[in-house]
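# A closer look at the structure
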Amino acid sequence: MYQYDQYDQRAVAERAAQFLGQVERRLSGEILEDEFKPLRLQNGLYMQLHGYMLRVAIPYGLLSSKQIRKFAHIARKFDKGYGHLTTRQNLQYNWLKLQDVPEVLRELASVEMHAVQTSGNCIRNTTSDQFAGVARDEIEDPRPYAELIRQWSTFHPEFAFLPRKFKIAIAGTDSDRAAIYLHDIGVRIVRGPSGETGFQMLVGGGMGRTPLIAKSIREFLPKQHLLSYLESILRVYNMHGRRDNKFKARIKILVDALGAEEFGRQVEAEWALIKDSALQLTDAEVQRVAKYFAPQPYAKLPESDAKLDALALSSNRDFGRWVRNNVTRHRQPGYCAVTISVKNPKVPPGDLSDTQLDALADLADRYSFGEARVTHRQNLVFADVRVDALEALFKDLAALDLGVANSEKLTDVICCPGLDYCDLANARSIPIALEIMQRFTDVDYLEDLGDVSIKMSGCINACGHHHVGNIGILGIDKQGEEFYQLMLGGSADYDASIGAVLGKAFPKDKIVEAVATVLDTYLKIRDSADETFLMTYRRLGAEPFKKVLYGDN
Amino acid sequence: MATAKRPSGYLLTGNFTETGGPAYRDPNDRWVRDAFSAALFPTEADAKAVADRARASEQRVVSDPYVCEVALTEAGGFEFKSARERIRAGGPTTPVRRPDRS
Amino acid sequence: MEIIRNGEIVQDRWQHVADDTPLPEGDVIVSLTRFGAERDALLARPGKLGVRLPPDVDLVETFPLLDGVALLAIEFPKYTDGRGYSTARLLRERYDFKGELRAVGDVLRDQLFYMRRCGIDAFELKAGKDIKGALEAFREFSVTYQGAADDPRPLFRRRG
């Protein structure tokens with residue numbers, strides 16, 4: 001993975017020092033909260049319901065064991081002993097004291113981490129595919145470009161006060177595990193006319209109040225133009241994005257208002273003027289960064305697909321199930337990628353204790369070359385595990401309560417912190433997630449249900465990606481009480497779709513029952529066990545579900 | 001089923017600058033953690049005047065003070081009107097203590 | 001009044017003039033509207049001329065008219081309105097403006113570093129803010145990743 005050089009290191013150290021000054025001025029009263037707020041947001045520090053929340057950037061989700069140990073240490077020393085994984089591959093701490101935050105940032109800087117621009121109206125963490133570099137269907141590893149985008153976007157002096165937040169995702173495969181169609185800019189690695197790789201540029205996707213699927217404004221962009229093209233998009237947005245209404249300020253609104261064609265025209269006009277500037281990527285720089293993502297020093301092993309098939313049918317049913325659901329084929333013979341489910345009915349989804357974090361660091365060292373990835377489903381991936389080590393790894397994970405075999409199944413919920421923590425929320429989301437995880441524990445039932453994503457948010461900001469869940473739940477406030485809208489048919493894949501609300505919202509004590517009814521209905525009307533929930537919904541529409549839930553009302 | 005609307009009271013709340021935790025202004029003009037020690041103002045205007053003063057001069061202690069309307073109970077206490085304020089006062093309703101920690 | 005220019009605190013000799021106020025002697029800064037209405041007279045008078053540019057200024061239309069203007073004051077009505085950063089960069093890097101570029105409005109210490117990178121060389125700090133302390137903002141970072149008005153080369157062209 002990328003190693004900071006002296007410049008990177010100095011940049012985060014200076015930023016931590018700058019923030020220390022800002023915190024001191026806040027605590028002394030020299031600056032007031034309304035001046036301090038955008039400054040702390042640019043360092044990822046939110047004021048939530050119960051305390052300050054720090055969002056640590058994990059660039060494209062990639063972590064070293066050293067960094068995981070640091071997370072554990074910070075959780076122990078400064079927080080309440082745990083951290084939370086987010087849908088943008090970041091980690092959040094919920095209980096920090098303001099005066100400790102500069103030291104936390106220094107600790108993070110010592111392991112090449114930071115919280116820069118994880119909040120505020122600026123360019124946020126660039127996210128990517130959790131199987132980058134190892135997936136069989138990968139056209140090219142997106143991570144070097146994600147790192148180049150990170151460096152271009154961090155401390156960008158022109159784009160620190162955009163109309164609204166800005167999120168970029170990049171994917172390099174045929175299946176979109178990075179939800180690029182739901183981002184402000186989605187970058188897709190594609191093959192060009194002569195077989196060389198380049199980028200398809202998508203703009204204007206997003207969820208929230210106005211969910212929209214991104215539009216392509218450039219089918220093929222040669223690689224060396226990546227940064228200048230991004231700069232053009234950002235400049236057009238900075239200058240013309242709406243600033244009069246917070247809920248209409250994202251780039252998707254501008255793209256929608258102008259139309260993709262006109263928006264693309266403006267971008268291309270700006271780009272024409274800067275494409276030959278110093279922003280052009282040099283081969284030297286691309287190679288410098290790419291070499292940090294060279295393949296791991298794999299052992300030369302025989303091909304292992306048959307072995308994996310056999311393990312999936314293991315007489316140890318729990319292990320077999322885990323292999324079937326949580327293990328992904330790998331481009332290197334003898335290796336596989338393991339999804340570690342951070343979805344345990346006893347704790348909020350995505351939460352990891354300091355004990356678990358320390359243990360995971362050791363396991364990463366032992367099983368996966370000392371690295372792990374955070375997924376946008378709030379899980380972890382060990383991307384380079386020997387197939388012949390799977391049984392041992394499973395045992396070690398199970399001992400940590402991290403061996404749940406539910407990847408991409410119903411109980412692999414995506415869930416925001418919600419009203420239990422978040423200042424923006426209208427309703428709680430974690431109790432709903434826990435109720436679902438606690439109710440649907442029959443593993444055979446879950447496997448029979450197959451792949452179905454349930455995603456829930458405590459407010460319209462959609463941090464839980466509820467618009468693109470096969471089953472989406474949105475918490476709302478009705479006269480001070482919590483209600484839940486149920487929507488079906490969302491998808492974050494390349495065939496992205498926004499879920500449709502079924503009908504009247506359910507009270508808190510009825511929503512999980514409604515979900516159960518939806519699932520039972522699916523099982524009744526699907527045409528075979530091979531037809532996933534989403535396929536059934538797309539075939540038959542919302543009607544059968546509406547009817548069962550609401551009768552003929 | 002309609003219930004008789006209970007009379008409203010108003011209290012002042014905000015976040016402690018140091019910890020970010022919820023703060024409530026008590027009858028002695030101190031900011032405290034315990035919501036149910038909060039001073040109750042009879043009118044919103046009364047409370048707002050104090051909130052404005054706090055916002056102007058007490059920012060070292062508390063950030064973003066605001067007025068919160070509550071429902072007065074017959075027993076002389078009050079209840080919060082929204083889930084949000086109940087959770088601020090009472091803490092997260094989900095497990096904070098990790099099961100694997102002592 | 002004191003302003004920051006080229007990293008130093010100096011006394012400002014420019015005067016901002018409202019649209020309906022008669023022009024005093026000396027160097028004046030007027031709104032774009034007034035400039036549009038009284039351009040010839042403004043350029044003909046002795047004393048240098050500055051023009052305030054609003055956040056939504058269209059440089060393609062406006063810049064050709066600014067010949068002879070010595071100072072452009074980029075308005076930041078709220079510090080959260082970041083359009084001025086793009087305006088500044090374009091003025092320096094595309095339109096090759098050589099006069100003084102000044103940030104006016106809701107200008108706070110923690111924006112100064114980025115503003116200077118975008119080509120702004122003078123700053124009217126928001127009233128009541130500590131101008132001496134603000135100077136430290138320019139020294140807060142010794143590393144920059146991106147090319148900008150101060151140096152068009154991204155770090156990758158300066159590394160090694």
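Residues numbered from 1 in each chain as written. Chains lettered and ligands numbered in written order. Predicted model: local features only at pLDDT ≥ 70, side-chain atom pairs only at ≥ 80, totals over all residues. Heavy atoms only, no water.

Let us look at the overall build of chain C. What chain C contains, in helices and strands, is 5 helices and 8 strands. Start at the N end of chain C and walk to the C end: the helices and strands fall as β-β-β-β-α-β-α-β-α-β-α-β-α. Whereas a compact globule of 160 residues would reach a radius of gyration of roughly 15 Å, chain C reaches 16 Å, a difference of no more than 12%. Oriented by its inertia axes, the alpha-carbon framework of chain C measures out at about 55 × 35 × 25 Å. (Helix = DSSP H or I, 4+ residues; strand = E, 2+ residues; numbered from the N terminus. Rg over C-alpha atoms; globule rule 2.2 N^0.38 Å.)

Along the backbone of chain B there are 2 helices and 5 strands. The linear arrangement of helices and strands in chain B, starting from the amino end, is β-β-β-α-β-β-α. Counting only C-alpha atoms, chain B reaches 45 × 45 × 20 Å along its principal axes. The buried share of chain B, taken over its 102 residues, is 46%. (Buried < 20%, exposed > 50% of the residue type's maximum accessible area, 1.4 Å probe, protein only.)

With that settled, consider a positive patch on the surface. On the surface, a cluster of positive charge is made up of A:K37, A:R209, A:K246 and A:K248. Take A:K37: it is sitting in helix 2 (residues 33-41). (Patch = residues over 30% accessible without salt bridge, like charges linked within 9 Å, V, L, I, M, F, W, Y side chains within 5 Å. Areas by Shrake-Rupley, 256 points an atom, 1.4 Å probe, with all protein chains shown as cover. Salt bridge = Lys/Arg side-chain N within 4 Å of Asp/Glu carboxyl O. Lys, Arg positive; Asp, Glu negative; His and termini not counted. Charge placed at Lys NZ, Arg CZ, Asp CG, Glu CD.)

All names here are of chain A. Quantified by volume, the second largest pocket comes out at close to 990 Å³. Around the second largest pocket, the lining comprises 38 residues; the ones closest to its centre are R177, R377, E408, D451 and D493. Taken together, the residues that form the lining of the second largest pocket break down as 8 nonpolar, 14 polar and 16 charged. (1 Å grid on protein atoms, 1.4 Å probe; cavity = no way out; pocket = protein on both sides within 12 Å on 5 of 7 lines; lining within 4 Å. Points joined across faces, edges and corners; volume = space filled by probe spheres on them. Nonpolar A, V, L, I, M, F, W, Y, C, P; charged D, E, K, R; others polar.)

On to the nonpolar core, then. Formed by 64 residues in total, the largest nonpolar core has its most connected members in A:L54, A:F71, A:W322, A:V338, A:F382 and A:L390. It is helix 12 (residues 354-367) of chain A that provides the largest number of residues to this core, a total of 7 residues. Excluding residues that lie within four positions of it along the chain, A:F382 makes contacts with A:C336, A:A337, A:V338, A:I340, A:L360, A:L363, A:A364, A:S368, A:E371, A:A372 and A:L393. Grouped together as the second largest cluster of nonpolar side chains are 52 residues, A:A160, A:F161, A:M239 and C:F123 included. (Core = buried A, V, L, I, M, F, W, Y, C linked by side-chain atoms within 4.5 Å. Contact = heavy atoms within 4.5 Å.)

In this assembly, 30 residues from chain B lie in contact with 40 residues from chain A. Interface of chain B and chain A: buried area, both sides summed, is about 2800 Å²; carbon and sulfur atoms make up 55% of it. Our count for the contact surface shared by chain B and chain A stands at 2 salt bridges. With a shortest N-O distance of 2.2 Å, B:R84 and A:D423 are connected by a salt bridge. For the pair chain B and chain A, the number of links is 14 residue pairs in polar contact (both at pLDDT 80 or more). The set of elements that each furnish at least two residues to the side of chain B that touches chain A consists of strand 1 (8-16), strand 4 (62-72) and helix 2 (83-90) of chain B. Looking at the side of chain B that touches chain A, its residues break down into 9 nonpolar, 11 polar and 10 charged. (Buried area = accessible area lost by both parts, 1.4 Å probe. Polar contact = N/O pair within 3.5 Å; in protein donor to acceptor, adjacent residues only side chain to side chain.)

Note that A:A17 resides in helix 1 (residues 6-28). In this structure, the C-alpha to C-alpha distance between A:A17 and A:L105, residues 88 residues apart in sequence, is 8.9 Å.

The next point concerns the sheet that holds strand 2 (residues 52-56) of chain A. All names here are of chain A. With antiparallel pairing, the 5 strands of this open sheet are ordered in space as 1-2-5-4-13. In this open sheet, the two edge strands, each paired with only one partner strand, are strand 1 (45-47) and strand 13 (351-353). Taken pair by pair, the neighbouring strands of this sheet meet at an average axis angle of 30°, ignoring direction. The sheet contact formed by strand 4 (residues 82-85) and strand 13 spans 3 bridges and is antiparallel. Its bridge partner being in strand 13, Y82 is matched across the sheet by S353. (Pairing = 2+ DSSP bridges. Axes fitted to C-alpha atoms, helices over the stretch in contact; angles between N-to-C directions.)

When their charged atoms lie close together, side chains carrying opposite charge are able to pair. Residues and elements named next belong to chain A. Applying the stated rule across the entire model yields 82 salt bridges over all chains. R188 is paired through a salt bridge with D174; the nearest N and O atoms lie 3.8 Å apart. Taken together, the residues span a long stretch of sequence, with R188 in strand 8 (residues 185-191) and D174 in the loop between strand 7 (168-171) and strand 8 at a distance of 14 residues. Residue R188 is classed as buried on the basis of its relative accessible area, which comes to 16%.

Time to look at empty space enclosed by the protein. Enumeration over the complete set of coordinates arrives at 9 cavities of 30 Å³ or more. Space inside the largest cavity adds up to approximately 140 Å³. Broken down by secondary-structure element, the contributors of at least two residues to the lining of the largest cavity are helix 1 and helix 2 of chain A together with helix 4 (112-117) of chain C. The element contributing the most residues to the lining of the largest cavity is helix 1 of chain A, with 3 residues. In terms of residue class, the lining of the largest cavity is built from 6 nonpolar, 4 polar and 2 charged.

For the structure on display, the rule yields 33 aromatic pairs over all chains. Between A:W95 and A:Y421, the aromatic rings sit 6.1 Å apart at their centres with planes inclined by 80°, giving edge-to-face as the arrangement. On the criterion of sequence distance, the pair formed by A:W95 in strand 5 (residues 91-96) and A:Y421 in the loop between strand 16 (414-415) and helix 14 (430-439) is long-range, its members being 326 residues apart. The same class applies to A:W95 and to A:Y421, which are both buried. Here the aromatic residues A:F155, C:F113, C:Y114, C:F141 and C:Y145 are joined through ring pairs into a cluster of three or more. (Phe/Tyr/Trp six-rings, centres within 6.5 Å; stacked < 30°, edge-to-face > 60°.)

Residue and element names in this part refer to chain C. Counting buried positions along strand 7 (residues 100-105) gives 5 out of 6 residues, so the element sits mostly inside the fold. Pairing of strand 6 (residues 71-76) with strand 7, which is carried by 6 bridges, proceeds in the parallel orientation. The residue of strand 7 that forms the bridge with L72 is L101. Taken together, strand 6, helix 3 (residues 83-93) and strand 7 form a β-α-β motif whose crossover is right-handed. With 2 bridges joining them, strand 7 and strand 8 (residues 122-123) adopt parallel strand pairing. Paired with R102 across the two strands is A122, which belongs to strand 8. For the crossover from strand 7 across helix 4 to strand 8, the handedness is right-handed. (Right-handed = clockwise from strand over helix to strand, strands pointing away.)

Before going further, it helps to spend a moment on the state of the cysteines. Going through the model one piece at a time under the given rule, you end up with 0 disulfides over all chains. Of all cysteine sulfurs in the structure, the one in C:C118 sits closest to A:C122, which takes part in no disulfide; the separation is 14 Å. By relative accessible area, which is 0% here, A:C122 ends up buried. (Disulfide = S-S within 2.5 Å.)

What follows deals with the side chain of C:D110. Within the secondary structure, C:D110 is located in the loop between strand 7 and helix 4. The exposure class assigned to C:D110 is buried, which follows from its relative accessible area of 13%. Among the polar contacts listed, one links the side chain of C:D110 to the side chain of A:Q22, at a separation of 2.8 Å. When sequence neighbours within four positions are dropped, the list of residues in contact with C:D110 reads A:Q18, A:Q22, A:R25 and A:L39.

Between its first and last C-alpha atoms helix 8 (residues 260-274) of chain A spans 21 Å; for 15 residues at 1.5 Å apiece the expected length is 21 Å, and the two agree. Those residues of helix 8 of chain A that fall on the buried side of the exposure criterion are A:F263, A:G264, A:Q266, A:V267, A:E270, A:W271 and A:I274. Looking straight down helix 8 of chain A, one finds its buried side chains confined to an arc of 160°; they lie on one side. Exposed and facing more than 90 degrees away from the buried side of helix 8 of chain A are A:E261 and A:L273. Residues of helix 8 of chain A that are buried sit in contact with strand 9 (197-203), strand 10 (215-222), helix 6 (226-240) and helix 7 (251-258) of chain A together with helix 3 of chain C. (Expected span 1.5 Å × (residues − 1). Arc of directions from axis to C-beta.)

Our focus in this paragraph is the sheet that holds strand 8 of chain A. All names here are of chain A. The sheet built from 5 strands is open, its strands ordered 6-7-8-9-10 with mixed pairing. What marks the edges here is a single partner per strand, and that holds for strand 6 (127-128) and strand 10. Taken together, the 7 bridges between strand 8 and strand 9 define a ladder with antiparallel strand orientation. Directly across from R191, in strand 9, lies its bridge partner T197. Its contacts with the sheet put helix 5 (residues 143-153) on strand 7, strand 8 and strand 9, and the angle it makes with strand 7 is roughly 160°.

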